[in-house]
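The chain contents come next:
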Amino acid sequence: LSSAALEAARLRAVRSLAGTFRTHCAALGVKRSCAFFENWLWSVRGEGTAASVVPALPLPEAASQAQLALARRLEHCGLSEQAARAACEALASRASALARGLDAAAAE
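First things first, this report covers the structure right here in the doc.

Conventions used here
- Residues numbered from 1 in each chain as written.
- Predicted model: local features only at pLDDT ≥ 70, side-chain atom pairs only at ≥ 80, totals over all residues.
- Heavy atoms only, no water.
- Helix = DSSP H or I, 4+ residues; strand = E, 2+ residues; numbered from the N terminus.
- Rg over C-alpha atoms; globule rule 2.2 N^0.38 Å.
- Buried < 20%, exposed > 50% of the residue type's maximum accessible area, 1.4 Å probe, protein only.
- Contact = heavy atoms within 4.5 Å.
- Areas by Shrake-Rupley, 256 points an atom, 1.4 Å probe, with all protein chains shown as cover.
- Lys, Arg positive; Asp, Glu negative; His and termini not counted.
- Charge placed at Lys NZ, Arg CZ, Asp CG, Glu CD.
- Salt bridge = Lys/Arg side-chain N within 4 Å of Asp/Glu carboxyl O.
- Phe/Tyr/Trp six-rings, centres within 6.5 Å; stacked < 30°, edge-to-face > 60°.
- Lys NZ or Arg CZ within 6 Å of the ring centre and 35° of its normal.
- Axes fitted to C-alpha atoms, helices over the stretch in contact; angles between N-to-C directions.
- Parallel < 35°, antiparallel > 145°, perpendicular 65-115°, else oblique.
- Left-handed = near helix turned anticlockwise from the far one by under 90°.
- Nonpolar A, V, L, I, M, F, W, Y, C, P; charged D, E, K, R; others polar.
- Core = buried A, V, L, I, M, F, W, Y, C linked by side-chain atoms within 4.5 Å.

## Section: the overall build of the protein chain
Line of reasoning, step 1. Secondary structure assignment for the protein chain yields four helices and zero strands.
Line of reasoning, step 2. Its helices and strands in sequence order give the protein chain the pattern α-α-α-α, from N to C terminus.
Line of reasoning, step 3. Rg of the C-alpha trace for the protein chain: 14 Å, near the compact-globule value of 13 Å for 108 residues, within the 12% margin.
Line of reasoning, step 4. Along the longest, intermediate and shortest principal axes, the C-alpha atoms of the protein chain span 45 × 25 × 20 Å.
Line of reasoning, step 5. The buried share of the protein chain, taken over its 108 residues, is 34%.
Line of reasoning, step 6. A sequence separation of at least 24 residues applies to 58% of the contacts in the protein chain between residues at least 6 apart.
Line of reasoning, step 7. Of the accessible surface of the protein chain, which amounts to about 6500 Å², a share of 55% is contributed by carbon and sulfur atoms.
Line of reasoning, step 8. Measuring between centres, the 12 positive side-chain charges of the protein chain sit 8 Å from its 9 negative side-chain charges.

## Thoughts on the pattern of salt bridges
Line of reasoning, step 1. Following the criterion strictly, the structure yields two salt bridges and no others.
Line of reasoning, step 2. Where arginine 10 meets glutamate 7, a salt bridge forms, and the shortest distance between an N and an O atom there is 3.2 Å. Residue arginine 10 and its partner glutamate 7 are both found in helix α1 (residues 3-24); the two are separated by three residues, about one turn of the helix.
Line of reasoning, step 3. Judged by relative accessible area, which is 31%, arginine 10 ranks as partly exposed.
Line of reasoning, step 4. A salt bridge links arginine 85 to glutamate 81; the shortest N-O distance between them is 3.0 Å. Taken together, the positions of arginine 85 and glutamate 81, both in helix α4 (residues 81-107) and four residues apart, correspond to about one turn of that helix.

## Comments concerning the packing of aromatic side chains
The geometry of an aromatic ring pair is captured by the separation of the ring centres together with the interplanar angle, meaning the angle of the planes.
Line of reasoning, step 1. A full pass over the atoms with the stated rule returns three aromatic pairs.
Line of reasoning, step 2. One aromatic cluster is present, built from ring pairs that chain together Phe21, Phe37 and Trp40.
Line of reasoning, step 3. Looking at arginine 45, its charged tip hangs above the ring of tryptophan 42, at a distance of 4.6 Å from the centre.

## Considerations on the packing of α1 against α4
Line of reasoning, step 1. Remark: α1 packs on α4, axes separated minimally by 10 Å, with the N-to-C direction vectors making an angle of 165 degrees. Comparing the axis directions of α1 and α4 gives the class roughly antiparallel. You can see that α1 and α4 cross each other, and the crossing is right-handed. Touching Leu6, Ala9, Arg10, Ala13, Ser16, Leu17, Thr20, Phe21 and His24 of α1 are Ala87, Ala90, Leu91, Arg94, Ala95, Leu98, Leu102 and Ala106, all from α4.
Line of reasoning, step 2. The residue makeup of the contact of α1 with α4, split by class, is twelve nonpolar, three polar and two charged.

## Thoughts on the nonpolar core
As a rule of thumb, nonpolar side chains are buried together in soluble globular proteins.
Line of reasoning, step 1. Ranked by internal contacts, the top residues of the largest apolar core, which has 25 residues, are Leu17, Phe21, Phe37, Trp40 and Leu70.
Line of reasoning, step 2. Contributions of two or more residues to this core are made by α1, α2 (30-48), α3 (65-76) and α4.
Line of reasoning, step 3. Here the element with the most residues in this core is α4; it accounts for seven residues.
Line of reasoning, step 4. Look past the residues within four positions of leucine 17 in its chain and what remains in contact with it is Phe37, Trp40, Leu41, Leu57, Leu91, Arg94, Ala95 and Leu98.

From the geometry alone we can't say anything about function, so treat these as descriptive.
Following this line, the structure appears as structure tokens:
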């Protein structure tokens with residue numbers, strides 16, 4: 001893929017992950033979901049790498065501080081602990097799938 005096409009693919013992947021976030025984290029409310037997504041995304045990015053280049057899609061680990069903070073926030077908004085954990089797992093799974101797709105596209 002060209003540089004522009006790869007950048008466009010990264011943007012689509014982040015938008016897709018944002019959609020997953022809105023779906024699984026709806027308890028946060030529509031008005032606040034974008035801010036919470038951005039905060040979560042940058043927190044996971046900061047935890048995930050010591051590299052000078054930050055990946056478009058981070059791969060959150062289950063016990064990461066960002067995942068734990070999001071789960072606590074979801075519980076505070078009314079989700080059960082199990083539902084909050086499931087939402088975080090769904091985000092991690094989706095991020096992983098999207099990252100694999102970007103890796104495959106970049107290899108072409």
